[in-house]
Amino acid sequence: NNNNNNNNNDNDNLNQLKQLEIDLKNLIEHGKQLKQQSILLEETTNQIQTQLLIEGLKIPNLAASDVPIGDENQSIIVKYLNQGEKIDQFLKQSTHQLNEQFNQFQYDLFNAGNLKRDHIVIGNNFDLFNFEDGANVAGHAFCYFKNESALLEIALCSWVIQKLIQKGYTPIITPDIAHHSIIEGCGFQPRGQGTQVYSISNTDLCLIGTSEITLAGMQTDKIIASDELPLKYAGYSHCFRAEVSSGTQKRGVYRLHQFTKVELFSFSKPEQSEQILEEMIQIQEEIAIELGLHCRILKMSTQELGAPAFKKYDIETWMPSRNSFGEISSASNCTDYQSRRLNIRYKVCLI
């Protein structure tokens, strides 16, 4: 009897071991299935998160309560410089007599015998620009600046930078390229139809359209001590823009695909941002006045803000050969739109 009991126990134990082995194999197989499911779910989650991020990046900043709502026609003229208001007054009236008065007014204003003698004609007369070789080498809307035009651009940028240094801005020459993530963080779209951004093939790099991008990128993922704010920069860089939008008036060196620009940029505390914006506008006014440009300053409407701007002002100057005002400068308050997307923070210093 004892032997039979022992045999039965051995058989039971053996059966249990076999069943445990089967269960273990099933569990291992089930674990493999769960792992595969986990990989598939992780891939799906990543795809959804990526798509969610792409859609989220399209959301623009909020607009200030005093920003006009609508298209560019709703933008408000807030100020004129150097008799710019007289030009606008003539433009609002269209009688033949007033047109003759306007021509005489422009003649006196610009001290010019032929108002249609634009920069292209002047450039041809004095060998200042080479559009043909620019197009042959780089394509349409690229240009060689020669002789006095080259010296003029260098002198103008140098003069502006010296002025900004005196006003507390740090001069910085930035890279001319940036990663997609930095460009997207600033509120620009480097991909998709209608983008103004030139991408570099087989990389995640793009040519910058403004040194705003590379100046903002300097502080990515950093924490700035509050007693260091505001940080004020005068950025100098080449800028590249596809200028693919239809209806944009292009002629000569106006709306080139490559140009050089001095950029005013500042990191500030929230309570400082409006004051910094006003300061930037005043600096741009000062430059326009000293250059003798006949300008108007506009508070731009919601459809003209672009994604990052909470509030934006454009400065336009009268261009006689085009018979219209054209933008030469702008200033925006982007609040925390770019700093959040680039993970730029500041900490309060209590001492």
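Refer to the preceding data block for the structure.
Small disclaimer: the values here were computed from a predicted structure and weren't measured.

## Some remarks on unusual backbone geometry
In terms of backbone geometry, most residues other than glycine have negative phi values and most peptide bonds are trans.
Okay, so step 1: Here the bond from Leu-229 into Pro-230 is cis, since omega is 0°, no more than 30 degrees from zero.
Okay, so step 2: Along the chain, Pro-230 falls in the loop between strand E7 (223–225) and strand E8 (231–240).
Okay, so step 3: The backbone phi angle of Asp-127 is positive, close to 55°, even though this residue is not glycine.
Okay, so step 4: Its location among the elements puts Asp-127 in the loop between helix H4 (119–126) and strand E2 (129–130).
Okay, so step 5: With phi around 65°, Asn-202 is a residue other than glycine that occupies positive phi space.
Okay, so step 6: The residue Asn-202 is located in the loop between helix H7 (180–185) and strand E6 (205–207) in this model.
Okay, so step 7: For Asn-202, a relative accessible area of 82% gives the class exposed.

## Remarks on the sheet that holds strand E4 (residues 170–173)
Backbone hydrogen bonds hold the strands of a sheet together, and the pairing may be parallel or antiparallel.
Okay, so step 1: The strand order across the open sheet built from three strands is E4-E8-E9, with neighbouring strands paired in mixed fashion. Both edges of this open sheet fall to E4 and strand E9 (258–267), since each of them pairs with a single strand only. Strand after strand, the sheet turns through a mean of 25° between neighbouring axes, direction not considered.
Okay, so step 2: Taken together, the four bridges between E4 and E8 define a ladder with parallel strand orientation. Among the inter-strand pairings, Pro-171 is bridged to a residue of E8, identified as Ala-234.

## Considerations on the sheet that holds strand E10 (residues 295–299)
Okay, so step 1: Within the open sheet, the four strands sit side by side as E1-E10-E11-E12. Their pairing is antiparallel. At either end of the open sheet lies a strand with only one pairing partner, and these are strand E1 (76–81) and strand E12 (324–333). In this sheet, adjacent strand axes meet at a mean angle of 25° when their direction is disregarded.
Okay, so step 2: Across five bridges, the pairing between E1 and E10 is antiparallel. Across the sheet, residue Ile-76 finds its bridge partner in E10, namely Lys-299.

## What to know about the nonpolar core
Okay, so step 1: Judged by nonpolar contacts, the single largest core of 19 residues is most densely connected at Ile-213, Tyr-233 and Phe-267.
Okay, so step 2: Mapped by element, the contributors of at least two residues to this core are H7, helix H8 (211–217), E8 and E9.
Okay, so step 3: Looking at this core element by element, the count peaks at three residues for H8.
Okay, so step 4: Those residues within four positions of Tyr-233 in sequence are excluded, and the remaining contacts are Tyr-169, Thr-170, Ile-172, Leu-215, Met-218, Gln-219, Glu-263, Leu-264, Phe-265 and Phe-267.

## A few points about the packing of aromatic side chains
Okay, so step 1: Under the counting rule described, the total for this entry stands at five aromatic pairs.
Okay, so step 2: Ring centres 5.5 Å apart and planes at 90° place the aromatic pair Phe-129 and Phe-145 in the edge-to-face group. Of the two residues, Phe-129 is situated in strand E2 and Phe-145 in strand E3 (residues 144–145); the sequence distance between them amounts to 16 residues.
Okay, so step 3: In textbook terms, an aromatic cluster arises when at least three aromatic residues are bridged by ring pairs, as seen for Phe-129, Phe-131 and Phe-145.

## Brief notes about helix H6 (residues 147–166)
Okay, so step 1: Along its 20 residues, H6 runs 29 Å from first to last C-alpha, staying within 8% of the 28 Å computed at 1.5 Å per residue.
Okay, so step 2: Residues of H6 that are buried: Ser-149, Cys-157, Val-160, Ile-161, Lys-163 and Leu-164. In a view along the axis of H6, the buried residues occupy a sector of 160°, so they form one face of it. Structural note: H6 exposes Glu-148, Leu-151, Ile-154 and Gln-166 on the side pointing more than 90 degrees away from its buried face.
Okay, so step 3: The inward-facing, buried residues of H6 contact E2, E3, E4, E8, E9 and helix H9 (273–290).
Okay, so step 4: Positioned one or two residues after H6, Gly-168 has a phi angle of 95°, which is positive.

Procedures and definitions
- Residues numbered from 1 in each chain as written.
- Predicted model: local features only at pLDDT ≥ 70, side-chain atom pairs only at ≥ 80, totals over all residues.
- Heavy atoms only, no water.
- Helix = DSSP H or I, 4+ residues; strand = E, 2+ residues; numbered from the N terminus.
- Buried < 20%, exposed > 50% of the residue type's maximum accessible area, 1.4 Å probe, protein only.
- Pairing = 2+ DSSP bridges.
- Axes fitted to C-alpha atoms, helices over the stretch in contact; angles between N-to-C directions.
- Core = buried A, V, L, I, M, F, W, Y, C linked by side-chain atoms within 4.5 Å.
- Contact = heavy atoms within 4.5 Å.
- Phe/Tyr/Trp six-rings, centres within 6.5 Å; stacked < 30°, edge-to-face > 60°.
- Expected span 1.5 Å × (residues − 1).
- Arc of directions from axis to C-beta.

Everything listed here is a matter of coordinates, which is why it stays silent on function.
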